[in-house]
Amino acid sequence: MFAILKKKLHTLVDNAILLDNIILKNSEDELIVKLATQERCPENLKQIVNNCVGNVWGISEQLALFLSNTIHHFHSKNVLEFGAGSSSLVLAHSISSIGGGKLSSIEQHPTWCAENWKIVQEIENVDSQMIVGKPKWSFGISGIYFSFKESCLSDVASRAPYDLVLIDSPQFFFGRDGGVPLIYDYLVPNALIILDDAGRQFEKNTLFRWLRSYPGLSLVYYAPEFGGKGLAVLRCHHKQSPQFSFSAFISGIRDSYSIFKNSEFKKLRTQISFGCGSLTETASPSARKN
Ligand SMILES: C[S@@+](CC[C@H](N)C(=O)[O-])C[C@H]1O[C@@H](n2cnc3c(N)ncnc32)[C@H](O)[C@@H]1O
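Note that the coordinates shown come from a computational prediction; the quantities given were computed from them, not determined experimentally.

J.: I'm lost on the overall build of the protein chain in this one. Help?
T.: Helix and strand counts for the protein chain come out as 11 helices and nine strands. Long-range contacts, defined as pairs at least 24 residues apart, comprise 76% of the intrachain contacts of the protein chain with a sequence gap of at least 6.

Structure representation (structure tokens):
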């Protein structure tokens, strides 16, 4: 009985995701496509990405170029990112070159990117602040997910409203679901949300849940091969309250269940213990979700 129910739920969620994949393929905003498909990365941006200290998981050159193009085109002066590192350097340099602004970076492990962050803080005309965010198991509109709200909502609110948000963390099995619930109320109209690694199945599922649960968001660009990792861009067209979606909720529960079964998660479970997810600095890349 339980097995039949489980199979039915899997089919329901898979069908819903397939439907949304069709939406993914059809969603293209000409301007964003133009900003994302420029191929030649200027030497200075390449250097920023390549000289980044100890950055195995930094952003691709293609994403660096897209971020820089976007900031220049839209004049984005208040940027928030999840996951500091090479992206922070690219964002801060771009903000500085449009005359200055603010960069807020939510980071789980400030020590891993301390050297790069020191450089960020010296970039002219940029008010940069690192916000330490610890993902914590929470229950929300789309099931169980790792949320940042408890650890950093007040800091995020105090630097709002944001016109551009890059979501490139948390890493491993934490999943990226917590990004939109944290920032949704703090966006300017037409703000852009950029999701790195959007070619991976877990990130696609996250996109599906966001699109179903936050009707104010629409997908304006999706390229699963972008920079070798995939890219999705969402626009916050109008502020509409989040809504409950059965398929998003079930999909969230299903992904949480697969996290529970992940062997790396089992090893680290004692450190997470439904509290702050404090992984050690030596966590292996194999713990990444695929
Ligand atoms: C994809 S990385 C973020 C990369 C960042 N946006 C950049 O461009 O460099 C996501 C997160 O993984 C974590 N991370 C990276 N390397 C790590 C390591 N060796 N051990 C533990 N966590 C690590 C950091 O918290 C980081 O923010």
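So, next bit.
J.: Explanation requested: the environment of Gly85 in the structure shown.
T.: Note that Gly85 resides in the loop between strand S1 (78-82) and helix H5 (86-97). With 22 residues separating them in the primary sequence, Gly85 and Glu107 have C-alpha atoms 9.2 Å apart.

J.: Explanation requested: the sheet that holds strand S6 (residues 162-167) in the structure shown.
T.: Either a parallel or an antiparallel arrangement is found when strands of a sheet pair, and the pairing is made through backbone hydrogen bonds. Spatially, S3-S2-S1-S6-S7-S9-S8 is the arrangement adopted by the seven strands of the open sheet, whose pairing is mixed. A single partner strand is all that each edge strand has here, and the edge strands are strand S3 (126-132) and strand S8 (217-223). The average angle at which neighbouring strand axes cross in this sheet is 15 degrees, direction not considered. Bridge count for S1 against strand S2 (residues 101-107) is five bridges, and the pairing is parallel. Paired with Val79 across the two strands is Leu103, which belongs to S2. Taken strand by strand, helix H4 (residues 61-74) contacts S6, strand S7 (187-196) and strand S9 (231-236), and its axis lies near 175 degrees from that of S6.

J.: Help me understand the nonpolar core in this model?
T.: Nonpolar side chains in soluble globular proteins tend to end up buried together. Residues Val165, Ile183, Ile193, Ile194 and Ala232 are the most contacted members of the largest nonpolar core, which totals 62 residues. Those residues in contact with Ile194, other than ones at most four positions away along the chain, are Val165, Leu166, Ile167, Leu231 and Val233. Core analysis: the next-biggest nonpolar cluster, separate from the first, contains five residues, Tyr145, Phe173, Phe174 and Ile259 among them.

Cut-off values and rules
Residues numbered from 1 in each chain as written. Predicted model: local features only at pLDDT ≥ 70, side-chain atom pairs only at ≥ 80, totals over all residues. Helix = DSSP H or I, 4+ residues; strand = E, 2+ residues; numbered from the N terminus. Contact = placed C-beta atoms within 7 Å. Pairing = 2+ DSSP bridges. Axes fitted to C-alpha atoms, helices over the stretch in contact; angles between N-to-C directions. Core = buried A, V, L, I, M, F, W, Y, C linked by C-beta atoms within 7 Å. Buried ≥ 20, exposed ≤ 12 C-beta atoms within 10 Å, placed from the backbone.

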